[in-house]
Amino acid sequence: MKRHILLYFFLIIFIPIAPSQSTMGSWGDQGNGTYINPILNADYSDPDVVRVDDRYYMVCSEFHYMGMPVLESNDMVNWRIVAQIYPRLDFPAYDNVESYANGSWAPSIRYHDNRFWVYFCTPTEGLFMSSAEKAEGPWSPLLLVRAVEKWEDPCPLWDDDGNAYLAHSLHGAGPIILHRMSSDGTALLDDGYTVYTGPVAEGPKMFKRNGYYYISIPEGGVTHGWQTVLRSKNIYGPYEKKVVLETGSTSINGPHQGAFVNTPEGEDWFYHFQSDGPMGRVVHLQPVRWQEDWPVVGVDIDRNGVGEPVYVWKKPDTGILSSIYAPQTDDDFDTPRLGLQWQFNHNPVNDAWSLTSHPGYLSLTALKGESFLRAKNSVTQKIMGKSGEAVTALNLTKMVKGQKTGLASFGSMYNLIGVIAEEDGNSLFFESNQDLFDASHRLPGARIRVNYFNTDSNYQEKIPFHGDVVYLKMQYNFNTQENRFYYSSDNIHFIPFGRAFDAIFSFWKGARIALFSYNEREDGGIALFDWFRYEYDGPKEKVRSQMSGR
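Residues numbered from 1 in each chain as written. Predicted model: local features only at pLDDT ≥ 70, side-chain atom pairs only at ≥ 80, totals over all residues. Heavy atoms only, no water.

**Details of the sheet that holds strand E16 (residues 205-209)**
Short version of the rule: A pair of strands is treated as paired once DSSP finds two or more bridges between them. Only runs of H or I of at least four residues qualify as helices and only runs of E of at least two qualify as strands under DSSP, and these elements are numbered from the N terminus. Between N-to-C directions, angles cover 0 to 180 degrees, with each direction set by a line fitted to C-alpha atoms, over the stretch in contact for helices.
Ordered in space as E16-E17-E18-E19, the four strands form an open sheet in which the pairing is antiparallel. The open sheet terminates on both sides in strands that have one partner only, identified here as E16 and strand E19 (240-245). The sheet shows a mean angle of 30 degrees between the axes of neighbouring strands, direction not considered. Here five bridges tie E16 to strand E17 (residues 212-219), and the two strands are oriented antiparallel to one another. Opposite Phe207, over in E17, you have Tyr214 as the bridge partner.

**Some details on the nonpolar core**
Across soluble globular proteins, nonpolar side chains have a tendency to be buried as a group. Operational definition: Only buried residues count toward a nonpolar core, which is a set of Ala, Val, Leu, Ile, Met, Phe, Trp, Tyr and Cys residues joined through side-chain atoms within 4.5 Å. Categorising residues by exposure relies on relative accessible area from a 1.4 Å probe, with only protein chains included: less than 20% of the type maximum marks a residue as buried, more than 50% marks it as exposed, and the intermediate range marks it as partly exposed. Note on definitions: a residue-residue contact is assigned when non-hydrogen atoms from the two residues lie within 4.5 Å.
Ranked by size, the top nonpolar core spans 68 residues in total, and within it Tyr271 and Leu362 carry the most contacts. With five residues, strand E39 (residues 526-536) is the single largest residue contributor to this core. Among all residues touching Tyr271, those that are not within four sequence positions of it are Ile39, Val49, Met58, Met76, Trp79, Gln257, Gly258, Ala259, Val261, Val283, His284 and Leu285.

**Notes on the pattern of salt bridges**
The line we're drawing: Each salt bridge in this description consists of a side-chain nitrogen of Lys or Arg and a carboxyl oxygen of Asp or Glu lying within 4 Å of one another.
Counted according to the given criterion, the structure contains 28 salt bridges. With a shortest N-O distance of 2.7 Å, Asp75 and Lys315 are connected by a salt bridge. Of this pair, Asp75 sits in the loop between strand E6 (69-73) and strand E7 (80-84) while Lys315 is found in the loop between strand E24 (312-314) and strand E25 (343-345), placing the two residues 240 residues apart along the sequence. Like Lys315, Asp75 is buried. One salt bridge connects Arg533 with Asp332, and the closest N-O pair in it is separated by 2.6 Å. Of this pair, Arg533 sits in strand E39 while Asp332 is found in the loop between E24 and E25, placing the two residues 201 residues apart along the sequence. For Asp332, a relative accessible area of 27% puts it in the partly exposed group.

**Let's talk about the pairing of strand E4 (residues 55-59)**
The element E4 is largely enclosed, with a buried count of five among its five residues. Taking every second residue as pointing to the same face, both faces of E4 are buried, with Arg55, Tyr57 and Val59 on one and Tyr56 and Met58 on the other. Turn length for the strand E3 (residues 48-52)-E4 hairpin, with the two strands adjacent in sequence and antiparallel, is two residues, and the turn residue Asp53 shows positive phi of about 60 degrees. Where E4 lies against E6, three bridges are found, and the strand directions are antiparallel. Bridging across to E6, Tyr56 finds its partner in Ser73.

**Topic: the packing of aromatic side chains**
Rules: Pairing of aromatic rings covers Phe, Tyr and Trp, the last through its six-membered ring, and needs centres within 6.5 Å; plane angles under 30 degrees mean stacked, over 60 mean edge-to-face, and all others mean tilted.
A full pass over the atoms with the stated rule returns 43 aromatic pairs. When the centroid spacing of 4.5 Å and the interplanar angle of 25 degrees are considered together, the rings of Tyr100 and Phe507 count as stacked. Here the residue Tyr100 occupies a position in the loop between helix H2 (92-95) and strand E8 (108-112), and Phe507 occupies one in the loop between strand E37 (495-501) and strand E38 (512-519), the gap between them amounting to 407 residues. When its relative accessible area of 10% is taken as the criterion, Tyr100 is described as buried. Using a relative accessible area of 13% as the deciding quantity, one classes Phe507 as buried.

**As for the sheet that holds E4**
Read from one edge of the open sheet, four strands run E3-E4-E6-E7, paired in antiparallel fashion. Only two strands of the sheet have a single neighbouring strand rather than two, namely E3 and E7. The average undirected angle you get between the axes of adjacent strands in this sheet is 30 degrees.

**Section: the confidence of the model for the chain**
We count it as follows: What pLDDT conveys is the predictor's confidence in a given residue, as a value from 0 to 100.
When the pLDDT values of the chain are averaged, the result is 91; 91% of them are 70 or greater. The low-confidence segment residues 1-21, where pLDDT is below 50, has 34 contacts with residues more than four positions distant or belonging to other chains. In this model residues 543-550 is a low-confidence stretch, pLDDT under 50, and it forms 18 contacts with partners more than four residues away in sequence or in other chains.

**Observations regarding unusual backbone geometry**
Backbone torsion omega between Asn37 and Pro38 reads 0 degrees, so that peptide bond is classified as cis. Turning to its location among the elements, Pro38 is positioned in the loop between strand E2 (34-36) and E3. In this chain, Gly137 is followed by Pro138 through a cis amide linkage whose omega measures 5 degrees. Looking at the secondary structure, you find Pro138 in the loop between strand E10 (126-132) and strand E11 (143-147). Phi at Val97 is positive, roughly 55 degrees, even though this residue is not glycine. Look at Gln257: it is not a glycine, yet its phi comes out positive at around 65 degrees. Structurally, Gln257 is set in strand E20 (residues 256-262).

**Quick look at the environment of Val97**
On the secondary structure map, Val97 appears in the loop between H2 and E8. When its relative accessible area of 0% is taken as the criterion, Val97 is described as buried. Along the sequence, Val97 and Ile81 sit 16 residues apart, while their C-alpha atoms lie 25 Å from each other. Val97 has contacts with Asn345, His346, Leu373, Arg374, Ala375 and Lys376, leaving out every residue within four places of it along the chain.

**Thoughts on the pairing of strand E13 (residues 164-170)**
Counting buried positions along E13 yields six of seven residues, so the element is predominantly enclosed. Sheet analysis places strand E12 (residues 151-158) next to E13, joined by six bridges and oriented antiparallel. Directly across from Trp158, in E13, lies its bridge partner Ala164. Where E12 hands over to E13, the hairpin turn is made up of five residues, of which Gly162 adopts a positive phi near 95 degrees. Sheet topology places E13 next to strand E14 (residues 176-181); five bridges connect them, and they run antiparallel. Bridging from a neighbouring strand, Ala164 pairs with Met181 of E14. The turn joining E13 and E14, which pair antiparallel and follow one another in sequence, is formed by five residues; a positive phi near 100 degrees is taken by Gly172.

This is the structure in structure tokens:
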């Protein structure tokens, strides 16, 4: 234990500091050659990572949000979004805003034959694949490899002899099933063979090393699980088993489900998530060493032979001295393409939103919706860090009667601030469905016990609002659940409005920030969002495109 403490001390004191034009925070890159976990304190759930040359690429599950992001890093700690793999899932439930918690479950990303390959399953539609020559895209249209229900968490492996395989688990977590796959990755060639059954075994990630086939799997469930590694000289087994990462004496619950990745300099690392309440599933990075062809992950603090997560550690040796950057957040809405940080809730209706019809604005034409959770074209982004504030400027001059538009804390529990156009003029409103919930509903993966779509008991406040522009702010602190909305007419003096509110993990995702516009009467009315600014407690890039000029 003393050796580990001394190691942390020397790591922090004697590591050269990289120049930075960015801000640091309470997590991620610390600017002194170390990082603090989580490296991504945002809901990049079920992460998978692959290295290609000196770059690293990450994908994550997004469920009903469109579409799955691709992130890029040059140092394994700092990340930015470079693509979205698909813009929509072409099934009626996603058009009708009826498929919460479905959509893309845990994906895998691999690089083979000079192409990127991403596989994922949806619970009700099947196994999908998309590929691209470059991570930035264009990505091929989604291919439905097999139409099937209740599969989850697929991962391919192309073997040295040219044979290809795909492993997956089943809804409800397990068993682990292995299929032969066509070498072009477009078809499964058999009905599968069960290679492992374990306690809530899911999320298989396959790789080969020193003649062993490895299947890395999370077990034990989202909030309290551990990471298991299987190995065999034969891809069909039998497999040996070893638990390689657990909570142990740390406070990091359920450290599991992720990716083993190495650097060009020969270091090995493991990415995993931690389920952290309203934040969702945040991303940690652990050092790895190999002993007798088994990975030793993190640090075995309690000496029981199983690794435990580290809190602070020396950054990976990637051969690159990197500046600090982070996934995009702010937006001026001044380009014809929506920023990659934004994701529509369910499928977008593309003729009802625009960045060109009113240049310099994100234009959201209101479509008829019976409630916020049924509203179309709500555009969201992940909450970054446990405390922060987001502000947007909203032009109201194109609103029509019955239209609601504004800023939201989004999940099955939602809280809204915005403007509603009524017969006698505009009103500022606050709306919340928080009263539907009690503590038992706030557990990750809790079964639905309330009708989230029933607005009869929603709490509301309204006051008249006069003016063409309103500035809306959300301040949040998930450490204390002190979350509030504010409004302003001049972007200087902000007035609190509505009551304090909570945020929760729901629909298998963390809480989000959303911009919305819908009409309770009929289609019509346009909300014009001028800009969006976001400050939070972690690292943030001050200069765009830190990774440009390769």
